Amino acid sequence: IPTPGAANRRAPLGNPSDIVLNEWLSSPRVHLGGDFIELYNPGIHPVALAGLALSDRPSSEPRKQLIPALSYVGPAGHTTFYGEHSGSPDGLEFGLSSFQGWVGLLGPDGTVIDQVAYQSQGADSSRGRIPDGSPTFGDLPVPTPDRSNTTPAAELAESLHLLDSLRITEIHYNPTGGSDAEY
């Protein structure tokens with residue numbers, strides 16, 4: 001809660017058991033750098049995620065990836081964790097199978113908060129709850145990490161067009177000035 005010119009006030013926190021696995025991508029090809037798992041907070045208060053765990057094997061390895069301290073998801077908000085091959089410095093230590101698998105969100109004691117089984121997805125197509133946080137799942141032809149799964153198609157088309165238009169136009173490898181001049 002912003003308090004400009006006054007002492008900070010602690011915001012009330014929501015319950016981590018309200019967090020749901022909202023969207024996941026297991027077959028990235030072109031548009032995104034890697035697979036991802038998105039969490040959604042349907043509540044009206046931020047939720048501290050520290051101590052919770054994500055796993056692609058919730059039964060046999062429930063604490064596979066601990067969510068670090070000072071990790072939060074805002075009210076009616078999303079937070080996305082990218083897979084091991086995404087290039088994200090704070091990415092997951094595991095990736096999702098492109099064939100089929102499980103995704104689990106677990107409490108500090110290993111209790112399942114939410115888990116989903118998934119089947120093979122089309123390239124660059126994710127699966128998630130429609131609308132956000134609901135019990136209904138659907139395919140998302142354009143993934144929406146950190147955005148609502150009901151983002152209007154026109155907004156998504158604009159983002160997709162930008163991604164399709166990006167091109168590498170120059171590579172300068174092993175320049176004569178040394179690696180500091182490399183780009």
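The structure under discussion appears in the preceding block.
Let me sum up the structure you'll find in this document. (Residues numbered from 1 in each chain as written. Predicted model: local features only at pLDDT ≥ 70, side-chain atom pairs only at ≥ 80, totals over all residues. Heavy atoms only, no water.)

1. Digging into the pattern of salt bridges
Next, step 1: Under the criterion given, the structure shown has four salt bridges.
Next, step 2: Of the charged contacts in the structure, one is a salt bridge between Glu61 and Arg57, with a shortest N-O distance of 3.3 Å.
Next, step 3: Judged by relative accessible area, Glu61 falls into the partly exposed class, the value being 32%.
Next, step 4: Here Asp114 and Arg129 are joined by a salt bridge, their closest N and O atoms 2.7 Å apart. Placement of the pair is Asp114 in strand β9 (residues 112-118) and Arg129 in strand β10 (residues 126-129), with a sequence separation of 15 residues. Comparing Asp114 with Arg129, the two get one shared label, buried. (Salt bridge = Lys/Arg side-chain N within 4 Å of Asp/Glu carboxyl O. Buried < 20%, exposed > 50% of the residue type's maximum accessible area, 1.4 Å probe, protein only. Helix = DSSP H or I, 4+ residues; strand = E, 2+ residues; numbered from the N terminus.)

2. Description of the sheet that holds strand β5 (residues 65-66)
Next, step 1: One open sheet accounts for four strands, arranged β5-β4-β8-β9; its pairing is antiparallel. Each of the sheet's edge strands pairs with one partner strand only, and the pair in question is β5 and β9. (Pairing = 2+ DSSP bridges.)

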